[in-house]
Amino acid sequence: MSEEPEVRTGPVLAVFAHPDDGEICAGGVLAAWAAAGREVHMLVLTNGDRGSNDPTVSRADLAATRLTETEAAGAIMGLAGVRVLSIHDGELQNTPAVREAVVRRVREVHAETVVSCDPTSVFFENRYYNHSDHRMAGWVALDSVFPGSGNPHFFSEHLGEGLGVQEVADVWLGWSNEPNRTIDISGHMQTKIDALAAHASQLAEGIRFFEEFLTKDAAEAGAKIGVEHAEEFRVLDLS
């Protein structure tokens, strides 16, 4: 059974592995929160420089393209800010340096809520297993929240820069095999699709392909709670 979440109004930080992951996984909720007045930020941990099957494409050019696309998608969703790290696609690791970047951003934006993907979800039926960067992004996000952003002894140099510790109230994990919350995104589905369409370099199948399967998934989730479209999450209430 889905629970109604506590109504929160504070800033949100979405932490995902690749440009376009956030739109696919949680674009409806992020757009809905932004439309409701929440300050929503995106932090992408890799630059997406291997997001092509064309051997002639320059990885540096691809990274530049994907940054531009991510910024355009963020504007469509109404995000307050987008940041993309320089880590190479496929090389994300849960290191202190990566966690420092995430903790820094949590503290900078005073994130009340962190959104990422469920790192425990590895196998999806018999059709797909989760990208290592996706799994790693989830672990990085969790470890940056606890123990991390709320503890002054983690990355204490931040305090000397004027950043305070930041306790995160809840973590929302998408792409989960164990969702416990289904959220109505009716009225925001087209924004999700439009934001994904901004990632033109990734749409070899065309946006119609993605629109069909994402809309189908959202409709199936929505049927569980009697709404047109929904997204599902594993939500951890930390406060």
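These notes cover the structure that comes with them. Note that the structure is a prediction, hence the values are computed from the model and not measured.

A word on the environment of Gly74
Note on placement: Gly74 falls in helix H2 (residues 59-77). Here Gly74 is in contact with Leu79 and Val82, once residues within four sequence places are set aside.

Re helix H7 (residues 207-223)
Between its first and last C-alpha atoms H7 spans 24 Å; for 17 residues at 1.5 Å apiece the expected length is 24 Å, and the two agree. Along H7, the residues that are buried comprise Phe210, Leu214, Ala218, Ala221 and Gly222. One side of H7 carries all its buried residues, which in axial view fall inside an arc of 95 degrees. Opposite its buried face, H7 presents the exposed residues Arg208 and Ala223, each directed more than 90 degrees away. Elements that come into contact with the buried residues of H7 comprise helix H1 (21-35), strand S8 (181-184), helix H6 (189-197) and strand S9 (230-237).

Structural notes on the side chain of His41
By the secondary structure assignment, His41 is in strand S2 (residues 40-46). Within the local environment of His41, its side chain forms a polar contact with the side chain of Glu39, the two groups lying 2.7 Å apart. Setting aside anything within four residues of it in sequence, one finds His41 in contact with Val12, Leu13, Ala14, Ala80, Gly81, Arg105 and Val109.

Considering the pairing of strand S7 (residues 170-174)
Most of S7 is tucked away, with five of its five residues classed as buried. Because side chains alternate across S7, one face comprises the buried residues Asp170, Trp172 and Gly174, and the other comprises Val171 and Leu173, equally buried. Inspection of the sheet shows strand S4 (residues 113-117) paired to S7 by five bridges, in the parallel sense. Within the sheet, the bridge partner assigned to Cys117 lies in S7 and is Gly174. Note that S7 and S9 share four bridges and pair antiparallel. Considered in S9, the bridge of Trp172 is made with Val235.

Looking at the side chain of Asn47
For Asn47, the location among the structural elements is in the loop between S2 and H2. According to the relative accessible area criterion, Asn47 is buried, its value standing at 12%. Here Asp49 takes part through its backbone nitrogen, which lies 3.1 Å from a polar atom of the side chain of Asn47. If near-sequence neighbours (up to four positions away) are discounted, Asn47 is found in contact with Pro19, Ala63, Arg66, Val84, Leu85, Ser86, Ile87, His88 and Asp89.

Description of the packing of H1 against H6
Their axes nearest at 8 Å, the elements H1 and H6 cross at an angle of 135 degrees. With respect to H6, the element H1 is oriented oblique. Once H1 is placed against H6, the crossing between them reads as right-handed. Along its contact with H1, which presents Glu23, Ile24, Cys25, Ala26, Gly27, Gly28 and Ala31, the element H6 presents Thr191, Lys192, Ala195 and Leu196. Looking at side-chain class alone, the contact of H1 with H6 contains six nonpolar, three polar and two charged residues.

Definitions and limits used
Per chain, residue numbering runs from 1 following the sequence as it is written. For this predicted model, a pLDDT threshold of at least 70 governs which residues receive local features, and a threshold of 80 or more governs which side-chain atom pairs are given and counted, while totals over whole chains, interfaces and linings are taken from all residues. Only hydrogens and water are removed before side-chain values are computed, so all heavy atoms of the structure are retained for them. In DSSP terms, a helix is any run of H or I states spanning at least four residues, a strand is any run of E spanning at least two, and both are numbered starting from the N terminus. Should any heavy atoms of two residues lie within 4.5 Å, those residues are counted as being in contact. Helix span is expected to be 1.5 Å times the residue number reduced by one. Exposed residues in this analysis have more than 50% of their type's maximum accessible area, buried residues have under 20%, and partly exposed residues fall in between, with area computed by a 1.4 Å probe over protein chains only. By construction, the arc corresponds to the directions joining the helix axis to the C-beta atoms. N or O atoms within 3.5 Å of each other form a polar contact, as long as, within protein, one can give a hydrogen and the other can take it, and as long as residues adjacent in sequence are counted only when both atoms are side-chain atoms. Two strands form a pair only when DSSP identifies at least two bridges running between them. The axes used here are C-alpha line fits, helices contributing only the stretch in contact, and every angle between their N-to-C directions lies in the interval 0 to 180 degrees. In this scheme, roughly parallel covers angles under 35 degrees and roughly antiparallel covers those over 145, while 65 to 115 is roughly perpendicular and the rest are oblique. When the near helix sits turned anticlockwise from the far one by under a right angle, the crossing is termed left-handed; a clockwise turn instead gives a right-handed crossing. Residues were grouped as follows: Ala, Val, Leu, Ile, Met, Phe, Trp, Tyr, Cys and Pro as nonpolar; Asp, Glu, Lys and Arg as charged; and all remaining residues, including Gly, as polar.

In short, geometric facts, not functional conclusions.
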